[in-house]
Amino acid sequence: MDPGIYKIIHFVGLIVFFTGIGSLLALDPKRPAALRRPAMIHGVGLLLLLVSGFGLQAKLKLGFPGWFTAKLAILIVLGAMIAVIKRKLIPTPIVYLLVIVLGSAAADLGFSNSMILRP
Ligand code: HEM
């Protein structure tokens, strides 16, 4: 498959993933039934991001550079946010900030190491 297709899937995954996180944050964690759909959206986004990320890695023959591992680590933390949000482990404004900072860091790592933009 063309790496451009993986890139589109990567961006669609980002939209789906952050829609899920945003919806989870806006809902009352004391009503678990209401969280079911946003949790599913969060999971689908996570999967799309991972599959397209590894697809890009394989197609562009990137190996395992530090920035790639850092992005994986960021995704693991963002994935774990579902438990943080459900259990209210961290105050919501801090979670908003954390998710935005981590998401932006991952985007910066993607852009500044892009083989597609700077072959
Ligand atoms: C919140 C998480 C993530 C964000 C915000 C993000 C963002 C981005 C962005 C903006 C690009 C565009 C680079 C370009 O225009 O060429 C990109 C590319 C890429 N991302 Fe992600 N990404 C995330 C997670 C991941 C994960 C988990 C992986 C690995 C499994 C990954 C692997 C890649 C790869 C391999 C590229 C291609 C780099 C290249 O063009 O050479 N990303 N990402």
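Refer to the preceding data block for the structure.
Reading the values: the criteria
Residues numbered from 1 in each chain as written. Predicted model: local features only at pLDDT ≥ 70, side-chain atom pairs only at ≥ 80, totals over all residues. Helix = DSSP H or I, 4+ residues; strand = E, 2+ residues; numbered from the N terminus. Rg over C-alpha atoms; globule rule 2.2 N^0.38 Å. Buried ≥ 20, exposed ≤ 12 C-beta atoms within 10 Å, placed from the backbone. Contact = placed C-beta atoms within 7 Å. Near = placed C-beta within 6 Å. Nonpolar A, V, L, I, M, F, W, Y, C, P; charged D, E, K, R; others polar.

(A) Fine view of the overall build of the chain. A count of helical and extended segments in the chain gives four helices and zero strands. Secondary structure elements in the chain, listed N-terminal to C-terminal, are α-α-α-α. Scaling as 2.2 N^0.38, a compact globule of 119 residues should have a C-alpha radius of gyration of about 14 Å, and the chain matches this with 15 Å. Principal axes of the C-alpha set define a box for the chain whose edges measure 50 × 25 × 20 Å. Counting the 119 residues in the chain, one finds 18% classified as buried. Looking at the chain alone, contacts between residues at least 24 apart form 71% of all its contacts between residues at least 6 apart.

(B) Layout of the site of the ligand. Taken together, 26 residues form the shell around the ligand, and within it Gly 53, Ala 106, Gly 110, Ser 114 and Met 115 come nearest. Secondary structure elements with two or more residues in the shell around the ligand: α1 (3-26), α2 (32-59), α3 (66-87) and α4 (92-112). Among the residues forming the shell around the ligand, the class breakdown is 18 nonpolar, seven polar and one charged.

(C) Structural view of unusual backbone geometry. At Lys 61, a residue that is not glycine, the phi angle is positive and equals roughly 50 degrees. Looking at the element boundaries, Lys 61 is found in the loop between α2 and α3. Its 7 C-beta neighbours within 10 Å are what place Lys 61 among the exposed residues. Even without a glycine there, the phi angle at Lys 88 is positive, about 55 degrees.

It is worth stressing that arrangement in space is one thing and function is another; only the former is reported here.
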